[in-house]
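Per-entry structural report
Residue-level listing of the chains:
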Amino acid sequence: MNISPGSIFADLDPGDALGEVLFGLIMALTWTVGSRLVLGEEGLDVRDLVVATIGCNVAWGIIDAVLFILGTTFYRSRRLRLFRQIRAARDEATALTVIAKEFPVEGSPLSAEAADAEALYRSMLALTRRAEPVKLSLTKADLRAAVAIFLLVSATALPAVIPFFLIDNADRALRASNLFLVVLLFVTGYAWAGFSGGRPFYAGMAMTCLGLFLVAIAVALGG
C-alpha cells in the first residue's frame, strides 16, 4: 500500500495533531529542563540526554498511537451499544429517554430548544427502527491517523536534540534547545487559534505558560 506523508496527516484532525505536537514538546522539554538539575552535580552527558529524549518521545508516540486505536474502537463500540439499547427498549418513551440521556439539551421542557430536541430524538428513533446495526471495524484511515500520531510525538524530539549537534558547548546547546522548544510551544498555540477561533498571540502565550507549568510539575515530581 503506497502511503504518502500528506495522506497520513490528512486523516488526523488538525486540532488533534496540534495537541500531539504540544504533548511531544512538553515531553522533550521535561527532559531538557530536568537535565539542568543535575548539570552542576554530575555534569551533562550529551549522548545520554539525546538518547533519553528521543527514546522517551518515541515510546510515548507508540503509546499515544495505541491509545488512539483503543479509543476509536471503544467509541464505535459505544455507538453500536447505544443503537442496540434503543432497539431493545420496551416502548417509545423508554427509547426516547435513552436517546435524551446520550444527547442532553439544556433548557426548560417548554422551550424551543427542547421542542427541537424532541423532534431530533424522534427522527433518530425512527432511523434506528428502519436500519440494522453494523459493527464498524478499524479502517485504513484510522491506522494512518495512528501512524501520524506516532510520527508527530516522535518528531518533536528533534528540535530538542538538534542544537547538541550544532553547538560544541553543552551548556549553550542546552539553553538553545530549551529556548527552541519554548518558541515552538508559542507557535503551536498560535496555530491552534486558527482552528479554535481564538486570538493567535494570546493563544500562543497561554499555550507557552501552560506548557511550562506542566513541565515544572513533571520536573518537580521527578520527571
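In what follows, the accompanying structure is described. (Residues numbered from 1 in each chain as written. Predicted model: local features only at pLDDT ≥ 70, side-chain atom pairs only at ≥ 80, totals over all residues. Heavy atoms only, no water.)

**Re the overall build of the chain**
- A count of helices and strands for the chain gives 9 helices and 0 strands.
- For the chain, the sequential pattern of α-helices and β-strands runs α-α-α-α-α-α-α-α-α.
- Here the chain holds 223 residues, and 32% of them are scored as buried.
- Long-range contacts, defined here as pairs at least 24 residues apart, represent 74% of the contacts in the chain between residues at least 6 apart. (Helix = DSSP H or I, 4+ residues; strand = E, 2+ residues; numbered from the N terminus. Buried < 20%, exposed > 50% of the residue type's maximum accessible area, 1.4 Å probe, protein only. Contact = heavy atoms within 4.5 Å.)

**Let's talk about the packing of aromatic side chains**
- Under the definition given, this model contains 4 aromatic pairs.
- Ring centres of Phe186 and Phe201 lie 5.9 Å apart, and the angle between their planes is 65°; on these two criteria the pair is classed as edge-to-face. Placement of Phe186 in helix α8 (residues 170-196) and of Phe201 in helix α9 (residues 200-220) is noted, with a sequence separation of 15 residues between them.
- We classify Phe186 as partly exposed; its relative accessible area is 24%.
- Residue Phe201 is classed as partly exposed on the basis of its relative accessible area, which comes to 48%.
- Taken together, a centroid distance of 5.8 Å and an interplanar angle of 80° make the contact between Phe201 and Tyr202 edge-to-face.
- Chaining the aromatic ring pairs together yields one cluster made of Phe186, Tyr190, Phe201 and Tyr202. (Phe/Tyr/Trp six-rings, centres within 6.5 Å; stacked < 30°, edge-to-face > 60°.)

**With respect to the nonpolar core**
- Counting 19 residues, the largest nonpolar core has Leu12, Leu181 and Leu185 as the members making the most contacts within it.
- At the level of secondary structure, the elements contributing two or more residues to this core comprise α2 (14-42), α6 (140-155), α8 and α9.
- With 7 residues, the top contributor of residues to this core is α2.
- Residues Leu82, Ile86, Ala95 and Ala117 belong to the second largest nonpolar core, which totals 8 residues. (Core = buried A, V, L, I, M, F, W, Y, C linked by side-chain atoms within 4.5 Å.)

Purely geometric stuff here, so don't read any function into it on its own.
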